[in-house]
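Residue strings, one per chain:
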Amino acid sequence: MVGMLLVISNRTVNAKTETINEADTELCETVKMALISSLREPVDKAIVEIYKDDENAPEGLTWASYDTEILKIKQLYGVGGLYEMTLKVYPYYRAHMGYGEDEVVINTRGKLISYKHLKTYPRTSTKGSKN
């Protein structure tokens, strides 16, 4: 009975799983994009809060995960516990016309911890356009 338990537990410990990467990027880059994309809701909330009182902010201000930087990942409780991530986000309007830079802190439970507006870019004028 004891020998049987050792064999079973030994197989479990030595079992290896191979990650299948079906993306167009290296695994590390794919994980980064997946992580940032999974935080869309709290980043959207931060963008709304940051620009809500900006009278010059264009309608439809959004952001792209591929243009977002992870500045810091802070482990709060230990491996596999809660993490806080600081992101640098570049909101844009229309065809990726940059409007600003912002720093957003979110935890891995999807909670918006804090945000800070860093910079506003001058709006580009296009003939016949409202924004």
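Cut-offs used in this document
Residues numbered from 1 in each chain as written. Predicted model: local features only at pLDDT ≥ 70, side-chain atom pairs only at ≥ 80, totals over all residues. Heavy atoms only, no water. Helix = DSSP H or I, 4+ residues; strand = E, 2+ residues; numbered from the N terminus. Phe/Tyr/Trp six-rings, centres within 6.5 Å; stacked < 30°, edge-to-face > 60°. Buried < 20%, exposed > 50% of the residue type's maximum accessible area, 1.4 Å probe, protein only. Lys NZ or Arg CZ within 6 Å of the ring centre and 35° of its normal.

**Some words on unusual backbone geometry**
Residue Arg-94 is not a glycine yet carries a positive backbone phi of 45 degrees. Its place among the elements puts Arg-94 in the loop between β3 (92–93) and β4 (97–98).

**Some details on the packing of aromatic side chains**
If you walk through the whole model with that rule in mind, you get 2 aromatic pairs. A centroid spacing of 6.3 Å and a plane angle of 80 degrees characterise the contact between Tyr-93 and Tyr-99, whose relative ring orientation is edge-to-face. One exposure class covers both Tyr-93 and Tyr-99, and it is buried. Its guanidinium or amino end placed over the ring of Trp-63, Arg-40 lies 4.2 Å from that ring's centre, counting from NZ or CZ. It is Arg-123 that lies over the ring of Tyr-93; its NZ or CZ is 5.6 Å from the centre.

By themselves, these are just geometric observations and shouldn't be taken as functional.
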